[in-house]
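Coordinate analysis (summary)
The chain contents come next:
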Amino acid sequence: MTDPNKPDQKVSDDDWADAMSEQEEPMPNAEDANEEDPWAAAMAEQEAAEQTEEESEKTSEQEPPVAKSASDEVFRPLSSEGGTAPSRDLEMIMDIPVKLTVELGRTKLTIKQLLELAQGSVIELEGLAGEPMDILINGYLIAQGEVVVVEDKYGIRITEIITPSERIHKLNR
């Protein structure tokens, strides 16, 4: 008998018998097979994980989850014993910079009007002369005031602190 792919090579019946007997040999034991075959080991691991998942689902259906209370280690108790704590917390934010803006007024322009502006042009604002100016901190209206001149520099004198309800009303104008 000859191999059709290799006509020059002679294959004996003994060679075929040896090859067939190698395939028919039983596996030594399951543990050795798992060590040699990574797929078998992975499948066994997946099966074990699915079994533990099914068992945990069965126990979770039987027993409702118990809520644990937060310990003092996680959340500090609110007490007035530490009288210096609020002032220390306030000191931490004292050096945070904020942007203060004083707004004389606003107006709306078209792009055509904007392109027509030149040096010396006058832009009419919605604010009236003598009307208090808005004082904004980080873009939020917090007060109103009037312009003052101190040694050739402009300043603003705060005339009114805006309450939260007034802030909402002024935002809508």
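Below you will find a few notes about this structure. From a predicted model like this one, the values you see are computed outputs, not experimental measurements. (Residues numbered from 1 in each chain as written. Predicted model: local features only at pLDDT ≥ 70, side-chain atom pairs only at ≥ 80, totals over all residues. Heavy atoms only, no water.)

**Quick look at the overall build of the protein**
The number of helices and strands found in the protein is 6 helices and 6 strands. In the protein, the succession of helices and strands from N to C terminus is β-β-α-α-α-α-β-α-β-β-β-α. Residues counted as buried form 8% of the 173 residues belonging to the protein. In the protein, once contacts between residues fewer than 6 apart in sequence are set aside, the share between residues at least 24 apart is 26%. Accessible surface, the protein: about 16400 Å² in total, of which carbon and sulfur atoms supply 54%. (Helix = DSSP H or I, 4+ residues; strand = E, 2+ residues; numbered from the N terminus. Buried < 20%, exposed > 50% of the residue type's maximum accessible area, 1.4 Å probe, protein only. Contact = heavy atoms within 4.5 Å. Areas by Shrake-Rupley, 256 points an atom, 1.4 Å probe, with all protein chains shown as cover.)

**Let's talk about the pairing of strand β6 (residues 153–161)**
Sheet analysis places strand β5 (residues 140–150) next to β6, joined by 8 bridges and oriented antiparallel. What sits directly across from V147, in β6, is I156. What sits between β5 and β6 in their antiparallel hairpin is a turn of 2 residues, with E151 showing a positive phi close to 50 degrees. (Pairing = 2+ DSSP bridges.)

**Let's talk about a nonpolar patch on the surface**
On the surface, L104, L109, L114, L117, I123, L125, V147, V149 and Y154 cluster together to form a nonpolar patch covering roughly 890 Å² of accessible area. Within the secondary structure, L125 is located in the loop between α5 (111–115) and β4 (133–137). A relative accessible area of 35% places L125 in the partly exposed class. (Patch = residues over 30% accessible without salt bridge, like charges linked within 9 Å, V, L, I, M, F, W, Y side chains within 5 Å. Salt bridge = Lys/Arg side-chain N within 4 Å of Asp/Glu carboxyl O.)

**A closer look at the pattern of salt bridges**
Following the criterion strictly, the structure yields 2 salt bridges and no others. In this structure, E103 and R106 form a salt bridge, with 2.8 Å as the shortest nitrogen-oxygen distance. Owing to a relative accessible area of 18%, E103 belongs among the buried residues under this scheme. Across the pair E146 and R157 runs a salt bridge whose closest N-O atoms are separated by 2.7 Å. Here the residue E146 occupies a position in strand β5, and R157 occupies one in strand β6, the gap between them amounting to 11 residues.

**Examining the sheet that holds β6**
In spatial order, the strands read β3-β4-β5-β6; together these 4 strands make up an open sheet with antiparallel pairing. Taken across any chain shown, the strands that pair with only one partner, and hence form the sheet edges, are β3 (100–103) and β6. Looking at each pair of strands side by side, their axes are set apart by 40 degrees on average, direction ignored. Two elements, β3 and β4, share 4 bridges in a ladder whose sense is antiparallel. (Axes fitted to C-alpha atoms, helices over the stretch in contact; angles between N-to-C directions.)

**Considering the environment of A143**
Tracing the sequence through the fold places A143 in strand β5. Relative accessible area serves as the criterion here: at 0%, A143 is assigned to the buried category. Each C-alpha atom of the pair A143 and R167 lies 9.0 Å from the other, and the pair is 24 residues apart in sequence. Residues contacting A143, with those up to four places away along its chain left out, are M133, D134, I135, I158, E160, I161 and I162.

**Regarding the side chain of D134**
Inspection of the secondary structure puts D134 in strand β4. In terms of polar contacts, D134 uses its side chain to reach the side chain of Q144, at 3.0 Å. (Polar contact = N/O pair within 3.5 Å; in protein donor to acceptor, adjacent residues only side chain to side chain.)

**Some thoughts on a negative patch on the surface**
Among the surface-exposed residues, E47, E50, E53, E54 and E55 lie close enough to one another that they form a single negatively charged patch. Mapped onto the elements of the fold, E53 is located in helix α3 (residues 38–62). (Lys, Arg positive; Asp, Glu negative; His and termini not counted. Charge placed at Lys NZ, Arg CZ, Asp CG, Glu CD.)

**A few points about the environment of T159**
Here T159 is to be found in strand β6. Note on T159: relative accessible area 47%, which makes it partly exposed. Sequence separation between T159 and M133 is 26 residues, and the spatial gap between their C-alpha atoms is 9.6 Å. Ignoring anything within four residues of it in the chain, the contact list for T159 reads P132, Q144, G145 and E146.

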